[in-house]
Amino acid sequence: MKISFPIEITAADTNKRTISGKIVTWDEQGSTSAGLTVFEKDSIDFSKPVKLLLEHQTTKPLGKLVDITATDSGLEATFRLAKTFRADDALEEAATGLRDGFSVGVKINEWKNVEGVLRIQSSTLQEVSLVTDPAIDSARVAEVAASETPTENSEATAEDTTTQEVLS
């Protein structure tokens, strides 16, 4: 069984071409393709290479996972995006809040049903997608850092970087 579970983006940087955020929140109920779902703490194995997709479309990769950290509240991840028009659009959409959620695609290994809620106890991360409408209300962009890519003749510095707060 494979389910999709949207989560939040906390930052996007167009110069570094990265998008970062919490991709899973432990013990927070969401409405997924499998119905009401909760990921129990440390229930996702993220040891395999993972791509960032657009809306779970395997033919529309945006980039790849470059960093992931398990915390007490969930999984924090950073993705480096390719230098493509589709990835450029994805960075802009994340920065403006048009596509401001993450959704994980997992292979479920162990689960239990508790009063109609699928509680995932063990799973393997297959992919993460940038999505328009995350299932969890708290899954929103918190901060976007963006800067213009310097041309060969420009002398861009760290002061050229702008930060935009996005409020939902």
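Numbers given for residues are sequential positions, taken from 1 along each chain in its written order. Restriction of local features to residues with pLDDT of at least 70 applies here, the model being predicted, together with a cutoff of 80 or more for giving and counting side-chain atom pairs; totals for whole chains, interfaces and linings are based on all residues. To get the side-chain values, all heavy atoms of the structure are used, and hydrogens and water are removed first.

Would you take a moment to explain the nonpolar core for this structure?
Within soluble globular proteins, side chains that are nonpolar tend to cluster in buried spots. I23, F79, L81, L125 and V128 are the most contacted members of the largest nonpolar core, which has 29 residues in total. The set of elements that each furnish at least two residues to this core consists of β3 (18–25), β7 (51–54), β8 (57–70), β9 (74–81), α1 (85–96), β10 (101–114) and β11 (117–131). Going along the chain from the N terminus, every DSSP run of H or I of four or more residues is numbered as a helix, and every run of E of two or more is numbered as a strand. Among the elements that make up this core, the one with the highest residue count is β11 (five residues). Throughout this description, the term nonpolar core refers to a set of buried Ala, Val, Leu, Ile, Met, Phe, Trp, Tyr and Cys residues connected via side-chain atoms within 4.5 Å. Whether a residue is buried, partly exposed or exposed follows from its accessible area with a 1.4 Å probe, protein chains only, as a fraction of its type maximum: under 20%, in between, or over 50%, in that order.

Would you explain unusual backbone geometry in this entry?
As a rule of thumb, non-glycine residues mostly have phi less than zero, and peptide bonds are mostly trans rather than cis. Although it is not a glycine, D42 sits at a positive phi angle of roughly 60 degrees. In this structure, D42 sits in the loop between β5 (35–39) and β6 (44–45). Taking relative accessible area as the criterion, D42 reaches 49% and is therefore assigned partly exposed. Backbone geometry places E55, a non-glycine residue, at a positive phi of 50 degrees.

Looking at this structure, how should I read the pairing of β3?
Here is the key point about a regular strand: its side chains alternate between the two faces of the sheet. For β3, the tally of buried residues reaches eight of eight residues, placing the bulk of the element in the interior. If DSSP finds at least two bridges between two strands, the strands pair. Bridging between β3 and β9 involves seven bridges; their strand directions are antiparallel. Residue pairing across strands places K22 opposite E76, the latter belonging to β9.

How should I be thinking about the environment of V114 in this particular structure?
Within the fold, V114 resides in strand β10. Classification of V114 by relative accessible area gives partly exposed; the value is 36%. Between the alpha carbons of V114 and T37 there is a distance of 9.9 Å; along the sequence they are 77 residues apart.

So what exactly am I meant to see when it comes to the pattern of salt bridges here?
Side chains carrying opposite charge are able to pair once their charged atoms draw close together. The working definition used for a salt bridge is a side-chain nitrogen of Lys or Arg within 4 Å of a carboxyl oxygen of Asp or Glu. One pass over the full model with this rule turns up eight salt bridges. The closest approach of N and O atoms between K112 and E40, which form a salt bridge, is 3.9 Å. A residue pair is termed long-range when its members are at least 10 positions apart, and K112 in strand β10 and E40 in the loop between β5 and β6 qualify at 72 residues. On the accessibility criterion, K112 (36% relative accessible area) is partly exposed. On the accessibility criterion, E40 (16% relative accessible area) is buried. Where D72 meets K41, a salt bridge forms, and the shortest distance between an N and an O atom there is 3.7 Å. Of the two residues, D72 is situated in the loop between β8 and β9 and K41 in the loop between β5 and β6; the sequence distance between them amounts to 31 residues. D72 gets classed as exposed once you look at its relative accessible area, which sits at 67%. A single salt-bridge network, built from bridges that share partners, covers D27, E40, K112 and R119.

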